[in-house]
Amino acid sequence: MPSQTWVVVGFLLLVGLAAQSVEPASSELHPVEIRNPPLLGKVDSGLRDASGVAIGIECATCHGPSGSAALASEGDESIHGEIALAHGALACASCHDPTDRTRLRLADGQAIPFAEVMTLCGQCHGPVLRSFEHGAHGGGRGHWDRSRGPFVRNNCVACHDAHQPAYPLVSPAPGPNDRFQPAAQNGAPGRHGAEEASEHE
Amino acid sequence: MSDVTRRTAIAGIGATLGVAAFAKVMEPVREFTKDLSLDQFLQRHYRELSPEDIQGVLRRIEEDTLRERGARVQVADDKPIPGVQFGYALNLSVCNGCRKCAEACHEENNHDRATNQSYIRVFEMEQGSLDFEHASATYDHAVPAPGKYYMPVQCQQCDDAPCVSVCPVEATWKEEDGVVVVDYDWCIGCRYCEAACPYHARRFNWTKPEIPAEEINPDQGYLSNRVRPQGVVEKCHFCLHRTRRGKLPACAEACPTGARVFGNLLDPESPIRWVLANKRVFVLKEELGTRPRFFYFFDS
């Protein structure tokens, strides 16, 4: 009888241990981190610090409560003439809080920090926000399995320029040079040279 | 007397020619074995190797890479994670054809530099068409071009994979997490699989891949991105040396448009499951019945 009891106790202990070792993996998930661009809510001064990192100017430097600069639709040529608005019919104050330039402002008047820009953009871009919230827009880096590591996501303005949100044209990375797909277009020399490539066309 | 001399002479010439011809015939074999050690020649099929055998093979590959290429690498043998079935989805509405995915694959997976090889081929096609015959994979102009859309194609990790069933030596098979892999040390280079694949997803190493030692990715896997020998077939393996450790594949991390969604099909909370349930999704060449693990979708 005592031996049987020990077997049962041992079995229960084993089950308990197994449950313990499984549980942390499922319950302790690494976070989803949102990557903010380095100059979020700042103006690029065009200067770089000693390590090459862009130096940003806080909006409140000029537009602070005591600042006098206006928040007009036209950019101020002196400091951020590069801000050319090409975002529908929006004006600065559509998104920026005119009374506190360190924050953004929702359509209902609620001020939010720059890091919560997704909420702001989602006011108009609802389907995109829905996709983003389900991990189907915006990409990311790190881990698909958050029991092993974090998933680092982009916020809207990490990829899109809020003032000109249309994705720009880019030069593609070089194409393949393999024997079936010689670089034929634009006379780019393939592995067998441009002449043979044009024969394959 | 003269008859005998003539007979001897002809016999001598015949023997010489015979030896020379035999040497000539055997020449390719000698050249072939130059890069092939006896251990490698006698190595068994991956799935017949004991855990100790595999460790020995991994160490041998590391030593060979150091000796032949001057690169210090770690070759691992990551196994499928129980309860995980990999799936991949790609958003055609946002892909802009920048080929960053192909570039990342090229670097991650130790592809031959001269051919700029990659497991991903990005096709530029007319909007409103899906015609690979009139598509371009070698476009070289600013993207996205007006009127065009872009479709990256890599191994679709089919559940009913034609490439697997045609292999005469079982050098390629489907793993438990859905990834179709190749044992590069078992492949005989017949290229049946390359011909069988409807997605043109397999690549053949016509030459010995050349990569500068400092550019070799040292984080390698036996069934994935270790530097392949000449004369074998290779293919996308969903970066299993990364994904079986919970990480995203290199192409997913490299995509600047966020078009790529990777994850576990068995996890109902995963982004890929949300895509499959909520987006307009299709698979390539569905009519062939290959049942791909790779899905394409649109935003609207």
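About the criteria used
Residues numbered from 1 in each chain as written. Chains lettered and ligands numbered in written order. Predicted model: local features only at pLDDT ≥ 70, side-chain atom pairs only at ≥ 80, totals over all residues. Heavy atoms only, no water. Helix = DSSP H or I, 4+ residues; strand = E, 2+ residues; numbered from the N terminus. Buried < 20%, exposed > 50% of the residue type's maximum accessible area, 1.4 Å probe, protein only. Contact = heavy atoms within 4.5 Å. Patch = residues over 30% accessible without salt bridge, like charges linked within 9 Å, V, L, I, M, F, W, Y side chains within 5 Å. Areas by Shrake-Rupley, 256 points an atom, 1.4 Å probe, with all protein chains shown as cover. Salt bridge = Lys/Arg side-chain N within 4 Å of Asp/Glu carboxyl O. Pairing = 2+ DSSP bridges. Axes fitted to C-alpha atoms, helices over the stretch in contact; angles between N-to-C directions.

### Focus on the overall build of chain A
- A tally of helices and strands in chain A yields eight helices and seven strands.
- Expressed as a percentage of its 201 residues, the buried residues of chain A come to 24%.
- Expressed as a percentage of contacts within chain A between residues at least 6 apart in sequence, the contacts between residues at least 24 apart total 40%.

### Section: a nonpolar patch on the surface
Residue and element names in this part refer to chain B.
- Among the surface-exposed residues, F22, V25, M26 and V29 lie close enough to one another that they form a single nonpolar patch of about 380 Å² accessible area.
- Mapped onto the secondary structure, V29 falls in helix α1 (residues 2-34).
- V29 gets classed as partly exposed once you look at its relative accessible area, which sits at 41%.

### Quick notes on the pattern of salt bridges
Residue and element names in this part refer to chain B.
- Summed over all chains, the structure comprises 25 salt bridges over all chains.
- In this structure, R228 and E234 form a salt bridge, with 3.1 Å as the shortest nitrogen-oxygen distance. With respect to class, R228 is no different from E234; both count as buried.
- E253 is the partner of R242 in a salt bridge, and the nearest nitrogen-oxygen pair spans 3.2 Å. With R242 in helix α7 (residues 240-243) and E253 in helix α8 (residues 250-254), this residue pair connects regions lying 11 residues apart in the sequence.
- Residue classification places R242 among the buried residues on the basis of a relative accessible area of 10%.
- The class for E253 is buried, based on a relative accessible area of 16%.
- Linked by salt bridges that have partners in common, R60, D64, R67, E68, D185, K208 and R226 make up one network.

### Details of the sheet that holds strand β11 (residues 280-282) of chain B
Residues and elements named next belong to chain B.
- One open sheet holds the four strands; their spatial order is β10-β2-β12-β11, and the pairing between them is mixed. Looking at which strands have only one partner, the edges of the open sheet turn out to be β10 (260-264) and β11. Taken over all neighbouring pairs, the strand axes of this sheet differ in orientation by 25 degrees on average, direction set aside.
- Two strands pair when backbone bridges link them, and strand β2 (residues 86-91) and strand β12 (residues 294-298) are joined in this way by four bridges, in the parallel orientation. Across the sheet, the residue bridging to A89 is F295, located in β12.
- Packed on one face of the sheet, helix α9 (residues 271-278) meets β2, β10, β11 and β12 and runs near 110 degrees to β10.

Nothing here speaks to function; it is all geometry.
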